[in-house]
Structure formats: structure tokens, C-alpha cells
Amino acid sequence: MSPSSGCELCADESLTTRYAQEPEYWIADCLVCRVPMVVWRRHDPSPPTPVRERLVQAITPVAEDFYRGAAWYYDDHMRKIPDHYHAHARRG
Ligand SMILES: [Zn+2]
Ligand SMILES: [Zn+2]
């Protein structure tokens, strides 16, 4: 799928802390939630399982550092932007 105009995740205009910048994804603090968020670089809500596994792996060290060892969970229930895959690392 091609980038969707008007999608803020495709626009990738995050001004917050940037943790990773990869061809497949980026990780930054979510502007709204102020917690780390991984965003797939495709405007598509359903990554194949191997892609999803890589995104989980990528955000894990970021989240462990962010929460300093406290419990957190991978939240890929997409409420605000349901058509572009992203996941928050939320406090558990
Ligand atoms: Zn958020
Ligand atoms: Zn998008």
C-alpha cells in the first residue's frame, strides 16, 4: 500500500524523543500518550507475523529502559489510527 495522505503516522512528523529510525519501522515517544510507540512504515493495519515479531523485539529494550524494569505491555490495539499499524509500550 502507498502512503496515505493525511495519515500522521505516514507523515512521520514526530517531534518527540526518537529511539530508532529503521527502514521497516520507527520508534518514538507518542505525542499524546508520552510513552514509546513503534510504527510500521507501511500504511497497513495488519503486518505479517514475522514483521510484528520484529516490531515487538525492537521496542522491548526501549520499553525496558523507559520503565526502568517496571512492568509494561505491548499494546497494539489501535484506537485513534486504526488503519496504520503501530503499538504502544504501556505501563503494565
Ligand atoms: Zn499514543
Ligand atoms: Zn499511514
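See above for the structure.
Just so you know, these numbers come straight off a predicted model, no measurement behind them. Counting from 1, residues in each chain are numbered in the order their sequence is written. Key to labels: chains lettered from A, ligands numbered from 1, both in the order written. Under the rules for a predicted model, residues below a pLDDT of 70 receive no local features and side-chain atom pairs below 80 are neither given nor counted, while totals for whole chains, interfaces and linings still include all residues. Only hydrogens and water are set aside when side-chain values are computed; all heavy atoms of the structure are taken into account.

(A) Spatial organisation of the coordination of the zinc ion (ligand 2). Donor atoms: N, O and S within 2.8 Å of the metal, or within 3.2 Å for Na, K and Ca. Because water is excluded, sites can look incomplete. Within the protein, the zinc ion (ligand 2) binds to Cys 7 (SG), Cys 10 (SG), His 43 (ND1) and His 84 (ND1); these donor distances fall in the range 2.0 to 2.3 Å. For a four-donor site, all angles between 85 and 135 degrees give tetrahedral; for four or six donors, opposite pairs above 155 degrees with the remaining angles between 65 and 115 give square planar or octahedral; all remaining cases count as irregular. Relative to the metal, the four donor atoms surrounding the zinc ion (ligand 2) lie at angles of 106 to 118 degrees, and the coordination shape comes out tetrahedral. Between the donor residues of the zinc ion (ligand 2), the gaps in sequence give the motif C-x2-C-x32-H-x40-H. Residue Cys 10 is located in helix H1 (residues 8–11), and its partner His 43 is located in the loop between strand S3 (36–40) and helix H2 (49–66); the two are separated by 33 residues in the primary sequence. For each residue, the accessible area found with a 1.4 Å probe, counting protein chains only, is set against the maximum for its type, and the residue is called buried under 20%, exposed over 50%, and partly exposed in between. By relative accessible area, which is 25% here, Cys 10 ends up partly exposed. Runs of H or I in DSSP of at least four residues are treated as helices and runs of E of at least two as strands, each being numbered from the N terminus.

(B) Highlighting the sheet that holds strand S2 (residues 25–29). The strand order S1-S2-S3-S5-S4 describes an open sheet built from five strands, whose pairing is antiparallel. Edge positions in the sheet fall to strand S1 (18–21) and strand S4 (72–75), since each of these pairs with one other strand and no more. Pairwise comparison of adjacent strand axes, ignoring direction, gives a mean angle of 15 degrees for this sheet. Here, any two strands with at least 2 DSSP bridges between them count as paired. Taken together, the three bridges between S1 and S2 define a ladder with antiparallel strand orientation. Its bridge partner being in S2, Gln 21 is matched across the sheet by Trp 26. Inter-axis angles, ranging from 0 to 180 degrees, are taken between N-to-C directions of lines fitted to C-alpha atoms, where helices are fitted over the stretch in contact.

(C) Main features of the packing of aromatic side chains. Ring pairs shown here join Phe, Tyr and Trp side chains whose ring centres sit within 6.5 Å, with only the six-membered ring taken for Trp; geometry is labelled stacked below 30 degrees between planes, edge-to-face above 60, and tilted in between. Considering all chains together, one arrives at one aromatic pair under this definition. Arranged with centres 4.9 Å apart and planes meeting at 85 degrees, the rings of Phe 66 and Tyr 67 form a pair that is edge-to-face. By relative accessible area, which is 6% here, Tyr 67 ends up buried.

(D) The nonpolar core, seen in detail. Ranked by internal contacts, the top residues of the largest apolar core, which has 18 residues, are Tyr 25, Ile 27, Val 38, Leu 55, Ile 59, Tyr 74 and Tyr 85. Of all the secondary structure elements, the ones that give two or more residues to this core are S2, S3, H2 and strand S5 (86–91). In this text, buried Ala, Val, Leu, Ile, Met, Phe, Trp, Tyr and Cys residues form a nonpolar core when linked through side-chain atoms within 4.5 Å. Among the nonpolar cores identified, the runner-up in size contains eight residues, and Cys 7, Trp 26, Met 37 and Val 39 belong to it.

(E) Up close: unusual backbone geometry. One non-glycine residue, Arg 34, lies in the positive phi region at around 60 degrees. Examined against the element boundaries, Arg 34 turns out to sit in the loop between S2 and S3. Owing to a relative accessible area of 54%, Arg 34 belongs among the exposed residues under this scheme. The residue Arg 68 is not glycine, and still its phi comes out positive at about 50 degrees. Arg 68 gets classed as exposed once you look at its relative accessible area, which sits at 77%.

(F) Just the pattern of salt bridges, in detail. Any Lys or Arg side-chain nitrogen found within 4 Å of a carboxyl oxygen on Asp or Glu counts as a salt bridge. All told, the structure shown has eight salt bridges when counted by the stated rule. Between Asp 12 and Arg 41 there is a salt bridge, with the nearest N and O atoms lying 3.4 Å from each other. With Asp 12 in the loop between H1 and S1 and Arg 41 in the loop between S3 and H2, this residue pair connects regions lying 29 residues apart in the sequence. Relative accessible area serves as the criterion here: at 23%, Asp 12 is assigned to the partly exposed category. Where Asp 75 meets Arg 90, a salt bridge forms, and the shortest distance between an N and an O atom there is 2.5 Å.

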